[in-house]
Amino acid sequence: MNSKDILDFINANFTMRANVNCYNKLNCFVDAMRDNQYYPITEDEIHRGVEYKKAEGKALLKCLDPIIPDEEKHLAETMIDSLCNQSLQQFLEYKRTHEK
């Protein structure tokens, strides 16, 4: 790990700590969603909860950095971003649909 990797890791940790409460609310929202029910949550809390999960995934990726081949690191990061963006859209759509 170089100094940029360490700073990225610290930044991911800061993002996670700042958004942990929103992530907990997002978990309640997702549990209710699975039961076709609704748990009140703001769009900002959804965004921050997803940011928590993204930061968690990227921090894990940094920890696994030594065992992931260089040519696959970018792909792994892209997959984390795609999964989080897709989940965010799904959560926001469910919220907006349910509130109508």
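Here the structure is shown first, and the text comes after it.
Now for a look at the structure at hand. This is a predicted model, so every value here is computed, not measured.

Calculation criteria
- Just so you know, the residues in each chain are numbered from 1, in the order the chain's sequence is written.
- A pLDDT threshold of at least 70 governs which residues receive local features in this predicted model, and a stricter bar of 80 or more applies before side-chain atom pairs are shown or counted, although totals over entire chains, interfaces and linings include all residues.
- With hydrogens and water set aside, each side-chain value is computed from the structure's full complement of heavy atoms.
- A 1.4 Å probe rolled over the protein chains alone gives each residue an accessible area, and that area as a share of the maximum for its type sets the label: buried under 20%, exposed over 50%, partly exposed in between.
- To obtain each axis, a line is fitted to C-alpha atoms, and for helices this fit is confined to the stretch in contact; angles are then taken between N-to-C directions over 0 to 180 degrees.
- A helix here means a DSSP run of H or I that spans at least four residues, while a strand means a run of E at least two residues long, and both kinds are numbered starting from the N terminus.
- Our angle categories are set so that under 35 degrees counts as roughly parallel, over 145 as roughly antiparallel, 65 to 115 as roughly perpendicular, and the remainder as oblique.
- Should the near helix be turned counterclockwise from the far one by less than a right angle, the crossing is left-handed, whereas a clockwise turn marks it as right-handed.
- Any two residues whose heavy atoms approach within 4.5 Å are treated as being in contact.
- Residue classes follow a fixed rule: Ala, Val, Leu, Ile, Met, Phe, Trp, Tyr, Cys and Pro count as nonpolar, while Asp, Glu, Lys and Arg count as charged, and any other residue, Gly among them, counts as polar.
- Put simply, two rings from Phe, Tyr or Trp (the six-membered ring, in Trp's case) pair if the centres are within 6.5 Å, and we call them stacked under 30 degrees between planes, edge-to-face over 60, tilted for the rest.

## Let's talk about unusual backbone geometry
Thinking step 1. With a phi close to 55 degrees, Asn36 is a non-glycine residue in the positive phi region.
Thinking step 2. A residue is classified by how much of its surface remains accessible, and Asn36, at 62% relative accessible area, is exposed.

## Remarks on the packing of helix H1 (residues 3-34) against helix H3 (residues 70-99)
Thinking step 1. At a closest axis distance of 12 Å, the pairing of H1 and H3 adopts a crossing angle of 65 degrees. By the criterion of interaxial angle, the relationship of H1 to H3 is roughly perpendicular. Viewed along their axes, H1 and H3 form a crossing whose handedness is left-handed. Residues Leu26, Phe29, Val30, Ala32 and Met33 of H1 lie in contact with H3, whose contacting residues are Gln90, Phe91, Tyr94 and Lys95.
Thinking step 2. Along the lines of polarity and charge, the residues of the contact of H1 with H3 split into seven nonpolar, one polar and one charged.

## Quick notes on the packing of H1 against helix H2 (residues 43-63)
Thinking step 1. For the pair H1 and H2, the least separation of the axes is 6 Å and the interaxial angle reads 140 degrees. It follows from the interaxial angle that H1 and H2 lie oblique. For H1 against H2, the interelement crossing comes out left-handed.

## Quick look at the packing of aromatic side chains
Thinking step 1. For the structure on display, the rule yields four aromatic pairs.
Thinking step 2. Taking the centre distance of 4.3 Å and the plane angle of 25 degrees together, the rings of Tyr23 and Tyr52 count as stacked. Here Tyr23 is found in helix H1, whereas its partner Tyr52 is found in helix H2, with 29 residues between them in sequence.
Thinking step 3. Using a relative accessible area of 17% as the deciding quantity, one classes Tyr23 as buried.
Thinking step 4. Note on Phe29 and Phe91: the rings are 6.3 Å apart at their centroids and 85 degrees apart in plane angle, and the pair reads as edge-to-face. With Phe29 in helix H1 and Phe91 in helix H3, the pair connects residues that are 62 residues apart, well separated along the chain. In terms of burial, Phe29 and Phe91 fall into one category: buried.
Thinking step 5. In textbook terms, an aromatic cluster arises when at least three aromatic residues are bridged by ring pairs, as seen for Phe29, Tyr38, Phe91 and Tyr94.

Remember, this is a structural readout, not a statement about activity or role.
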